[in-house]
Amino acid sequence: ETTKGVFTIDMHREWAPIGYDRFMQLVESDFFSDQILYRTIPGFLVQFGVAADPEVQSRWSDKRIKDDVQQNIPFTQGTVSFAGGGANSRSSHIFISLDPKGRNLGKALHERPFGRILDPLQQQMVGSFWSEYG
């Protein structure tokens, strides 16, 4: 749920079982409650994954997970994946790809999709999140 509305992720454990399991752990622990989207680049991606509570963030930020095996799942509008800084660097940062530049994602080892926002109106809403910094 966001201030602009709700979006639903169609989850696929078979695409990236390690990433899927971590995402579900984060959801079940309420990690995403009261978060902000801290990076929005129009036509490329929306990123989130820093807990509103610094103590909660510290519990997850050093718990890195291994990369999933490449499944050649295309990054289309609304594809959801972990962000990272290289091999085996995923922890809690998530991004949602946007068209058209988001289709170039998936080349880095840590970029393995585990879900997708299927509803075109929800994709449009996510793509409209505020991207200006003051």
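Refer to the structure presented above.
These numbers come from a predicted model, not from an experiment.

Draft legend 1. Spatial organisation of the environment of Leu45. Tracing the sequence through the fold places Leu45 in strand 3 (residues 45-48). Spatially, the C-alpha atoms of Leu45 and Gly102 are 6.2 Å apart, while their sequence positions differ by 57 residues. Each residue touching Leu45, except ones within four places of it in the same chain, is listed here: Arg39, Thr40, Phe95, Ile96, Ser97 and Leu98.

Draft legend 2. Focus on the layout of surface pockets. Approximately 640 Å³ is the volume found for the largest pocket. If you trace the largest pocket, you find 21 residues lining it, with Glu1, Thr2, Phe7, Gln35 and Leu37 closest to the centre.

Draft legend 3. Quick look at the sheet that holds strand 5 (residues 94-97). In space, the 6 strands of this open sheet follow the order 1-6-4-5-3-2, with antiparallel pairing throughout. Each of the sheet's edge strands pairs with one partner strand only, and the pair in question is strand 1 (10-11) and strand 2 (39-41). The sheet contact formed by strand 4 (residues 79-82) and strand 6 (residues 113-116) spans 3 bridges and is antiparallel. Each residue of the ladder has a partner; that of Ser81, found in strand 6, is Pro113. This element, helix 1 (residues 17-28), spans strand 1, strand 4, strand 5 and strand 6 of the sheet and lies at about 90° to strand 4.

Draft legend 4. Structural context of unusual backbone geometry. One non-glycine residue, Asn72, lies in positive phi territory at about 55°. Here Asn72 shows up in the loop between helix 2 (54-61) and strand 4. A relative accessible area of 64% means that Asn72 is categorised as exposed. The phi dihedral of Asn88 falls on the positive side, at around 55°, and the residue is not glycine. The topology assignment puts Asn88 in the loop between strand 4 and strand 5. Residue Asn88 is classed as partly exposed on the basis of its relative accessible area, which comes to 41%.

Draft legend 5. Structural context of the pattern of salt bridges. Tallied over the entire structure, the rule returns 5 salt bridges. Ionic pairing is found between Asp21 and Arg13, a salt bridge with its closest N-O pair at 2.7 Å. In this structure Arg13 comes out as partly exposed when scored by relative accessible area, which is 40%. Arg59 is paired through a salt bridge with Glu55; the nearest N and O atoms lie 3.7 Å apart. Note that Arg59 and Glu55 are positioned in helix 2 at a spacing of 4 residues, about one turn of the helix. Several salt bridges share partner residues, and in doing so they unite Asp67, Asp68 and Arg90 into one network.

The rules behind these values
Residues numbered from 1 in each chain as written. Predicted model: local features only at pLDDT ≥ 70, side-chain atom pairs only at ≥ 80, totals over all residues. Heavy atoms only, no water. Helix = DSSP H or I, 4+ residues; strand = E, 2+ residues; numbered from the N terminus. Contact = heavy atoms within 4.5 Å. 1 Å grid on protein atoms, 1.4 Å probe; cavity = no way out; pocket = protein on both sides within 12 Å on 5 of 7 lines; lining within 4 Å. Points joined across faces, edges and corners; volume = space filled by probe spheres on them. Pairing = 2+ DSSP bridges. Axes fitted to C-alpha atoms, helices over the stretch in contact; angles between N-to-C directions. Buried < 20%, exposed > 50% of the residue type's maximum accessible area, 1.4 Å probe, protein only. Salt bridge = Lys/Arg side-chain N within 4 Å of Asp/Glu carboxyl O.

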